[in-house]
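Working through the structure, step by step
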Amino acid sequence: MAEKFPEYKHEKSKKWFDRALAAVPSGVPGHLGPSEGLFLPITKWPLMCDHAKGTYFWDVDGNKYIDYMCAYGPNVLGYCDPDVDKAAIEQLKKGNCTTSVSYKMVECAELLKDTVYTADWSFFMKNGGDATTFATICARAHTGKKKLIFFKGYYHGVAQWTQKADYPGILEEDVANNIVVPWFDIEALDKAYAESKGDIAAIIAQPYDHGNFYDNVCASKEQWHKVRVWCDKHDVLLIIDDVRCGFRLDLAGSDHYYGFKADLICFCKALANGYNMSCVCGPEHMKATASSVTFTGSYWLSAEPFAACIACINKMKKLDTPTLFRKLGTQLTDGLVKAAKKHGFKMVVSGEPALFYLRIANDDNLMLHQEWIAEMVSRGIFLASHHNHFINAALTEKDIKHTLEVAEECFKIVAKRHPEIK
C-alpha cells in the first residue's frame, strides 16, 4: 500500500551542494548545513532553497515545505510579506546605503521608542552578535568593570567573547572574564561577585533557558525580579538578549513580558521580517554611554531595512502576533503530543508556544527523535532535530492540520522500525 505522504527526492539539491563544497567551506556553513551532524541521514534533507512565500519554502527540486524554522527566526510574518516588501522596495528605489543617513532611521527609532518598554533610544547594526557585543561594550564602558556573568547553556552569538576557550581559534584571554552560573541562582551570583571582588559589569541572558539538545525552561516574573534586585544592589547592569525571543512573547520586549526592565535589550530576528538589521535599545541613563562607544559597520545605517522594520512592527501590532503565536503554537504542540502518544511515543514539549522545543523521550540519546524529524522533513514538514522552532503569522490552522496528519504517518513509520516501542 502506497504511503499517503511519499518521501521527497533531492537530486538537484545534492548537485547544488556538491558545487557548494567546491566553492564554500563546508558547502553550507554553520547550523544551516550538514557539517554539524544534525541533518541525518543527509539524503532526507533539502540543502538548497529555490523560493519562499508565506509559511512555505520550496527547494531546488520543487518540494514544498511548511517551515517551522522560519529561517531560524527572522520570518515572523511570512516570507515575502507584501506590506513589508512594498515598504522596503519603495525605499530601495529612493536610496539605501547613502553617505548621509536616511530619515528612515529616525522614524524607526521613534517607533521602537513607542513600542519597546526599555527604549528611550535605539542603536542600529546588522546581526544579533553585533547587538550583544555592543551591549557588553556599553556595560563595561558604563561601569568601568570587566567581567560578564552568563547563565548556564547561554548563546549570545559567535564573537570571540561568546565562545569557549577550547574552540578553534579562541584564546583563553578572549573568555577570561566570563563567569557562568546556573539560571536564577542568587547564591551563585553572590559567590561570583565575592570571588571577582565586585568586578562585574553585567549579567547577559536570554529571557528564559531556550538552549539546544535539552528541554527549554520558562522563567517566572518572581525569578527575574530577584535578579533585577540583585543587579541594582551590586551596580551590575542587566542585559537581555532578545535576539531570538524578541517580539514573539511581547511586542514591548521580553523583559516587559516577565515584569522587569532591562538596562539594555538586544533585538534582531523578528525586527524586520528577514531584512538585515538588529538593534540595541536602552533607557535614558545608558544613552550617553551608548554615544561614547566606538562601534560601526559599512551597511549598518542602510535605509531599506529601516523601512521594512517600520512596516513589520506596525503589522505585528495590528495582528497582535504574540497572542496569535501562543494560540497556534499551543494548537500544534498539543496535536503532536496526542499523535505521538497514539503510536507509543512520549513527546515532550517545552518552552514558550511561540518558539517551542520538541523531544521524543523514549530514549536518552536523542536518536529516536532525530529519526522522526528526518521522516517529517522528507515529507514536507521542516523541523530541526535539536533547536527550538518558530511560529509565523502566515501559518494557518489548515497548515497545522496537515502537519499533524504527516506527523501521524511518520510516527507510524518509526514505530514499525522499533517494535520495542509500545
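This report concerns the structure included in the present document. (Residues numbered from 1 in each chain as written. Predicted model: local features only at pLDDT ≥ 70, side-chain atom pairs only at ≥ 80, totals over all residues. Heavy atoms only, no water.)

**Examining the sheet that holds strand β7 (residues 200–205)**
Selection rule: Between any two strands, pairing holds if DSSP finds at least two bridges. Secondary structure is summarised from DSSP: a helix means a run of H or I of at least four residues, a strand means a run of E of at least two, and numbering begins at the N terminus for each. To get an axis, a line is fitted to the C-alpha atoms, and for a helix only the part in contact is used. The angle between two axes follows their N-to-C directions and goes from 0 to 180 degrees. Note on contacts: a residue pair is in contact if any heavy atoms of the two residues lie within 4.5 Å.
Taking strand neighbours across the sheet as the criterion, the seven strands line up as β4-β10-β9-β8-β7-β5-β6 in an open arrangement whose pairing is mixed. The open sheet is flanked by β4 (121–125) and β6 (178–181), the only strands paired with a single partner. Here the average twist between neighbouring strands, direction ignored, is 20 degrees. With four bridges connecting them, strand β5 (residues 147–151) and β7 associate as parallel partners. Looking across to β7, one finds that Lys147 is bridged to Ile200. Against the sheet, helix α4 (residues 128–143) contacts β4, β5, β7, β8 (237–241), β9 (264–267) and β10 (278–282), and its axis sits at roughly 180 degrees relative to β8.

**Some words on the packing of aromatic side chains**
Applicable threshold: Aromatic pairs are defined between Phe, Tyr and Trp rings, using the six-membered ring for Trp, whenever the two ring centres lie within 6.5 Å; interplanar angles under 30 degrees are classed as stacked, those over 60 as edge-to-face, and all others as tilted. Think of it in three bands: with a 1.4 Å probe and only protein chains considered, a residue is buried below 20% of the maximum accessible area for its type, exposed above 50%, and partly exposed in between.
Applying the stated criterion to the full structure yields 24 aromatic pairs. When the ring of Phe295 is compared with that of Trp300, the centres are 5.1 Å apart and the planes differ by 55 degrees; the resulting orientation is tilted. An identical accessibility class is assigned to Phe295 and Trp300; each is buried. A ring pair is formed by Trp372 and Phe411, whose centres lie 4.7 Å apart and whose planes are at 10 degrees; its orientation type is stacked.

**A look at the nonpolar core**
Note the following rule: To qualify as a nonpolar core, a set must consist of buried Ala, Val, Leu, Ile, Met, Phe, Trp, Tyr and Cys residues joined through side-chain atoms within 4.5 Å.
Core analysis: the biggest nonpolar cluster contains 108 residues, and Phe151, Ile203, Trp224 and Trp372 have the highest contact counts within it. It is helix α9 (residues 303–319) that contributes the most residues to this core, nine residues altogether. Excluding residues that lie within four positions of it along the chain, Phe151 makes contacts with Val180, Val181, Pro182, Trp183, Phe184, Leu189, Ile203, Ile204, Ala205, Trp224 and Val227.

**Looking at the sheet that holds strand β3 (residues 64–67)**
Read across the sheet, four strands follow the order β1-β2-β3-β13 without closing on themselves; strand pairing throughout is mixed. Bordering the open sheet on either side are β1 (49–53) and β13 (381–382), each of which pairs with just one other strand. Pairing of β1 with strand β2 (residues 56–59) involves four bridges; the strand directions are antiparallel. If you follow Cys49 over to β2, its bridge partner there is Asp59.

**A closer look at the state of the cysteines**
For clarity, the threshold we go by: Disulfides are defined as cysteine sulfur pairs within 2.5 Å.
Inspection of every chain in the model, using the stated rule, returns zero disulfides. Summary of cysteine pairing: Cys279 is not part of a disulfide, and the nearest cysteine sulfur, belonging to Cys281, is at 3.9 Å. Classification of Cys279 as buried rests on a relative accessible area of 0%.

**Concerning the packing of helix α5 (residues 186–195) against helix α6 (residues 221–234)**
Let me state the cut-off plainly: Just so you know how the angles are binned, under 35 degrees is roughly parallel, over 145 roughly antiparallel, 65 to 115 roughly perpendicular, and the rest oblique. Each crossing is labelled by how the near helix is turned from the far one, with a counterclockwise turn of less than a right angle marking it left-handed and a clockwise turn marking it right-handed. Under the scheme applied, nonpolar residues are Ala, Val, Leu, Ile, Met, Phe, Trp, Tyr, Cys and Pro; charged residues are Asp, Glu, Lys and Arg; polar residues are all the others, including Gly.
At a minimum axis separation of 11 Å, α5 and α6 run at an interaxial angle of 20 degrees. One element, α5, and the other, α6, form an angle in the roughly parallel class. With respect to the hand of their crossing, α5 and α6 are arranged in right-handed fashion. Seen from α5, the contacting residues are Ile186, Leu189, Asp190 and Tyr193; seen from α6, they are Lys226, Val227, Trp230 and His234. For the contact of α5 with α6, the class distribution of residues is five nonpolar, one polar and two charged.

**Looking at the packing of helix α10 (residues 321–342) against helix α12 (residues 397–417)**
Direction vectors running N to C along α10 and α12 enclose 20 degrees, while the axes themselves pass 9 Å from each other. Overall, the two elements α10 and α12 adopt an arrangement that is roughly parallel. Crossing of α10 over α12 shows right-handed handedness. Seen from α10, the contacting residues are Lys327, Leu328, Gln331, Leu332, Gly335, Leu336, Ala339, Ala340 and Lys342; seen from α12, they are Glu397, Ile400, Thr403, Leu404, Ala407, Glu408 and Phe411.

**Section: helix α11 (residues 367–377)**
Of all eleven residues making up α11, ten are buried, and the element is well covered by its neighbours. Those residues of α11 not exposed but buried are Leu368, His369, Gln370, Glu371, Trp372, Ile373, Ala374, Glu375, Met376 and Val377. Each element contacted by the buried residues of α11 is listed here: β3, α10, β11 (347–350), β12 (357–360), β13 and α12.

Everything listed here is a matter of geometry and, on its own, says nothing about what the molecule does.
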